[in-house]
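# Overview (structure and organization)
For reference, the chains in residue letters:
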Amino acid sequence: MKQYTVVIVGMGKRGMHHGAAFNANPRFKVTGICDIDQKRLDDAAGKLGNPKKSADARSLAKELKPDIFCFCTLPNLRLDFIKIGVQSGAKLIAFEKPVAMSSAEGLQIKQELEASGTKAVVSHQHRYGEHYKKVKEIVASGALGHVHTVYGTATGWAAHMLSHLLDYTCWFNDYADAEWAMAQAAGRGKLSDLHTSPDYIAGMVHFKNGVRGAYDCGAGAPDVLEVPYWWRKCRIGAQGSEGFAEVMTGGGWRAVTKTGGYQSGPGGMDYNYDMPPYVQQMADWLDDSKNVHPCCFANAYKGFEIMSALYRSAAEGGQVPLPLTTGADEIALLKAKVPDKKVLLTLTESAKEYPS
Ligand SMILES: NC(=O)c1ccc[n+]([C@@H]2O[C@H](COP(=O)([O-])OP(=O)(O)OC[C@H]3O[C@@H](n4cnc5c(N)ncnc54)[C@H](O)[C@@H]3O)[C@@H](O)[C@H]2O)c1
């Protein structure tokens with residue numbers, strides 16, 4: 001079996017998760033790592049088998065010509081690294097959510113990948129949790145009857161969490177195309193964070209298959225009482241004519257169905273559990289193009305477009321039709337339009353994250 005070489009850029013939290021998962025799997029070998037922070041780079045090298053180190057991603061990728069170019073940088077760095085990955089001749093680019101910080105950048109990324117034919121995956125890896133898989137299994141089994149609604153809530157702000165909420169609800173809805181999105185936004189504090197977004201956004205999405213999506217993300221989102229850890233207070237589910245099923249990122253799953261009654265089970269998001277299958281499926285896709293990775297760019301882009309449309313609606317008002325045909329800088333639009341009023345918190349413990 002071929003062993004795929006990997007270069008990873010960004011040796012922070014997620015870069016190290018990726019590095020450990022790749023090196024633990026004999027199908028991969030991390031041959032190069034990159035960070036502009038020398039100490040992080042040196043510390044990472046010791047833990048990842050002393051691959052080649054560099055502070056310059058372009059020259060490293062050019063020299064090593066990896067099969068997989070992976071970058072785990074903060075969301076302000078996306079398009080340049082996609083171009084570096086494509087130019088290096090990598091067969092697959094693996095990168096972190098969110099896809100981009102504007103629809104203009106997202107469209108350019110899509111064009112780069114399509115023009116080069118490079119495979120790409122985006123890290124929406126929570127889906128490998130047993131509790132996520134159980135909810136998907138129940139939805140797909142037909143036990144909910146006619147599914148009419150999918151929904152996602154998270155107390156963390158949109159640049160961190162909305163991408164996840166959208167991807168998993170789109171998965172529950174078999175990645176049906178969306179027709180329009182509409183939203184409101186509040187709170188300017190996180191518009192100056194590197195994970196840039198409004199403090200709170202709530203919106204509705206209409207999918208072409210008739211399913212309605214409801215999203216509630218950030219300071220005003222509801223509590224998830226079952227989950228103590230603030231970042232994992234996410235509830236993601238589907239409702240149908242005969243029941244509902246939902247996953248709580250840090251608190252298991254539950255369902256009520258016509259024939260099964262009330263059911264529930266454990267589960268908690270765990271990087272160590274979720275990363276191995278996420279990377280294994282990269283090898284599967286590289287081995288055989290028919291084995292498309294479930295976190296493929298095409299799937300992630302659907303959620304990304306919806307996120308951009310929700311932002312546009314919050315900034316400009318009204319329903320935003322999908323797919324988006326032109327690019328815009330939605331964060332700039334939000335900076336111009338989100339009112340300068342204090343965001344109203346649902347949880348008192350959120351005050352430390354939303355101090356403004
Ligand atoms: N999928 C998930 O569950 C999940 C969880 C947490 C974070 N994330 C996402 O992962 C991404 C990274 O987050 P993180 O927490 O690992 O960030 P981090 O700040 O811990 O790491 C980012 C690293 O990138 C390095 N870097 C910055 N500019 C660089 C450059 N030009 N060249 C090389 N290295 C550079 C930084 O020095 C830093 O070490 C973000 O987009 C975040 O939203 C995803």
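The structure contained in this document is the topic of the report that follows. Everything numeric in this text was worked out from a predicted model, so none of it was measured.

Here we take up the packing of aromatic side chains. Here the structure, examined in full by the defined rule, presents 14 aromatic pairs. Relative to Phe71, the ring of Phe69 lies with its centre 6.2 Å away and its plane at 45 degrees, an arrangement referred to as tilted. On the basis of relative accessibility, which here comes to 0%, the residue Phe69 falls in the buried class. For Phe71, a relative accessible area of 0% gives the class buried. Here Trp230 and Trp231 contribute two aromatic rings whose centre-to-centre distance is 5.0 Å and whose plane-to-plane angle is 90 degrees, an arrangement assigned as edge-to-face. Look at Trp231 and you get partly exposed, because its relative accessible area is 23%. These aromatic residues form a ring-pair network of at least three members: Phe69, Phe71, Phe81, Phe95, Phe297, Tyr301 and Phe304.

Near the ligand lie 26 residues; those nearest to it are Arg14, Asp35, Arg40, Arg78 and His195. Glu96 has a polar side-chain atom sitting 3.1 Å from a nitrogen atom of the ligand. Within the backbone of Lys97, a nitrogen or oxygen atom sits 3.0 Å from an oxygen atom of the ligand. Protein contacts shield 83% of the accessible area of the ligand, which totals 870 Å² for the unbound molecule.

As a further point, take helix H9 (residues 297-316). Under the 1.5 Å per step criterion, the end-to-end length of H9 is 27 Å for 20 residues, consistent within 8% with the ideal 28 Å. The buried fraction of H9 amounts to 16 of the 20 residues, a majority that puts the element mostly inside the structure. Just past H9, the residue Gly317 takes up positive phi, approximately 85 degrees.

The next subject is the environment of His126. Structurally, His126 is set in the loop between strand S6 (119-122) and helix H6 (130-141). Judged by its relative accessible area of 6%, His126 falls in the buried class. Each C-alpha atom of the pair His126 and Lys2 lies 27 Å from the other, and the pair is 124 residues apart in sequence. With residues up to four places along the chain from it excluded, the contact list for His126 reads Tyr132, His164, Tyr168, Thr249, Met269 and Asp274.

This part is about the pattern of salt bridges. Applying the stated criterion to the full structure yields 21 salt bridges. Asp167 serves as the salt-bridge partner of Arg127, at 3.4 Å between the closest nitrogen and oxygen. Placement of the pair is Arg127 in the loop between S6 and H6 and Asp167 in helix H7 (residues 158-172), with a sequence separation of 40 residues. There is no split in this pair, since Arg127 and Asp167 are both buried. Across the pair Asp288 and Lys290 runs a salt bridge, and its minimum N-O distance is 3.7 Å. Note on Asp288: relative accessible area 27%, which makes it partly exposed.

The rules behind the values
Residues numbered from 1 in each chain as written. Predicted model: local features only at pLDDT ≥ 70, side-chain atom pairs only at ≥ 80, totals over all residues. Heavy atoms only, no water. Phe/Tyr/Trp six-rings, centres within 6.5 Å; stacked < 30°, edge-to-face > 60°. Buried < 20%, exposed > 50% of the residue type's maximum accessible area, 1.4 Å probe, protein only. Near = heavy atom within 4 Å. Polar contact = N/O pair within 3.5 Å; in protein donor to acceptor, adjacent residues only side chain to side chain. Areas by Shrake-Rupley, 256 points an atom, 1.4 Å probe, with all protein chains shown as cover. Helix = DSSP H or I, 4+ residues; strand = E, 2+ residues; numbered from the N terminus. Expected span 1.5 Å × (residues − 1). Contact = heavy atoms within 4.5 Å. Salt bridge = Lys/Arg side-chain N within 4 Å of Asp/Glu carboxyl O.

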